[in-house]
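Report on the structure
Residues per chain are reported as follows:
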Amino acid sequence: MRLKNFARIALGIFFIAAGLNHFINPAFYLAIMPPWLPWHEALVAASGVAEMAFGAMVLVRRFALLGGWGLIALCIAVFPANLHMALNPSLFPQFPSIALWLRLPLQIVAIAWIWWCTHNVPSNPPTPSAGARP
């Protein structure tokens, strides 16, 4: 259970940092937006806010499940940007083409990590029994 708790906290911190990066380095996220999507700036900002909000939610046991579902939906929502990068490697010469393709199945790994970390999380932390060592 400690491993799962640590993984959930790491997950929350990771997504909060990733969301914050949308505002620190918006040019990167704007560059990976598929051209067929409208409102690039608004979508980059909205996805950054969503990553931070859902990341914060998974840190709070009571809201971990809802935050997990939000992060899973977000991973699915940003998949077109990752696919756009893989299909257009010449637009992203700073990344090896194979890395762009490997990112796609990593989305499944990310979703599995989110699911494992946020499902069946007790609302309250377990209390040690009398005489048990922490």
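Here, the structure is the one placed above.
Now for a description of the structure that goes with this document. Quantities reported herein were computed from a predicted structural model and do not represent experimental measurements.

The terminal C-alpha atoms of helix H6 (residues 97–118) lie 32 Å apart, and with 22 residues this matches the ideal 32 Å at 1.5 Å per residue to within 8%. Those residues of H6 that sit buried are Leu100, Leu104, Gln107, Ile114, Cys117 and Thr118. Tucked inside the fold, the buried residues of H6 contact helix H1 (2–24), helix H3 (40–59), helix H4 (64–77) and helix H5 (79–87). A positive phi of about 60° marks asparagine 120, the residue just after H6.

On to the side chain of histidine 22. Following the sequence through the fold, histidine 22 ends up in helix H1. At 3.5 Å, the side chain of histidine 22 forms a polar contact with the side chain of glutamate 51. Dropping the residues within four chain positions of it, histidine 22 is found in contact with Tyr29, Val44, Ser47, Gly48 and Glu51.

We now examine a nonpolar patch on the surface. On the surface, Leu3, Phe6, Phe14, Trp113 and Trp116 cluster together to form a nonpolar patch covering roughly 570 Å² of accessible area. Counting only elements with at least two residues in the nonpolar patch, the list comes to H1 and H6. Within the secondary structure, tryptophan 116 is located in helix H6.

Turning to unusual backbone geometry, a few remarks are in order. Here tryptophan 39, not a glycine, exhibits a phi torsion of approximately 50°, which is positive. Within the element layout of this structure, tryptophan 39 appears in the loop between helix H2 (26–31) and H3.

This paragraph deals with the packing of H1 against H3. For the pair H1 and H3, the least separation of the axes is 7 Å and the interaxial angle reads 160°. One element, H1, and the other, H3, form an angle in the roughly antiparallel class. The two elements H1 and H3 meet at a crossing, and its hand is left-handed. The segment H1 lies against H3, with Arg8, Ile9, Leu11, Gly12, Ile13, Phe15, Ile16, Ala18, Gly19, Leu20, His22 and Phe23 engaging Val44, Ala45, Ser47, Gly48, Val49, Glu51, Met52, Gly55, Ala56, Val58 and Leu59. Looking at the contact of H1 with H3 residue by residue, the class counts come to 15 nonpolar, six polar and two charged.

What counts, and at which threshold
Residues numbered from 1 in each chain as written. Predicted model: local features only at pLDDT ≥ 70, side-chain atom pairs only at ≥ 80, totals over all residues. Heavy atoms only, no water. Helix = DSSP H or I, 4+ residues; strand = E, 2+ residues; numbered from the N terminus. Expected span 1.5 Å × (residues − 1). Buried < 20%, exposed > 50% of the residue type's maximum accessible area, 1.4 Å probe, protein only. Contact = heavy atoms within 4.5 Å. Polar contact = N/O pair within 3.5 Å; in protein donor to acceptor, adjacent residues only side chain to side chain. Patch = residues over 30% accessible without salt bridge, like charges linked within 9 Å, V, L, I, M, F, W, Y side chains within 5 Å. Areas by Shrake-Rupley, 256 points an atom, 1.4 Å probe, with all protein chains shown as cover. Salt bridge = Lys/Arg side-chain N within 4 Å of Asp/Glu carboxyl O. Axes fitted to C-alpha atoms, helices over the stretch in contact; angles between N-to-C directions. Parallel < 35°, antiparallel > 145°, perpendicular 65-115°, else oblique. Left-handed = near helix turned anticlockwise from the far one by under 90°. Nonpolar A, V, L, I, M, F, W, Y, C, P; charged D, E, K, R; others polar.

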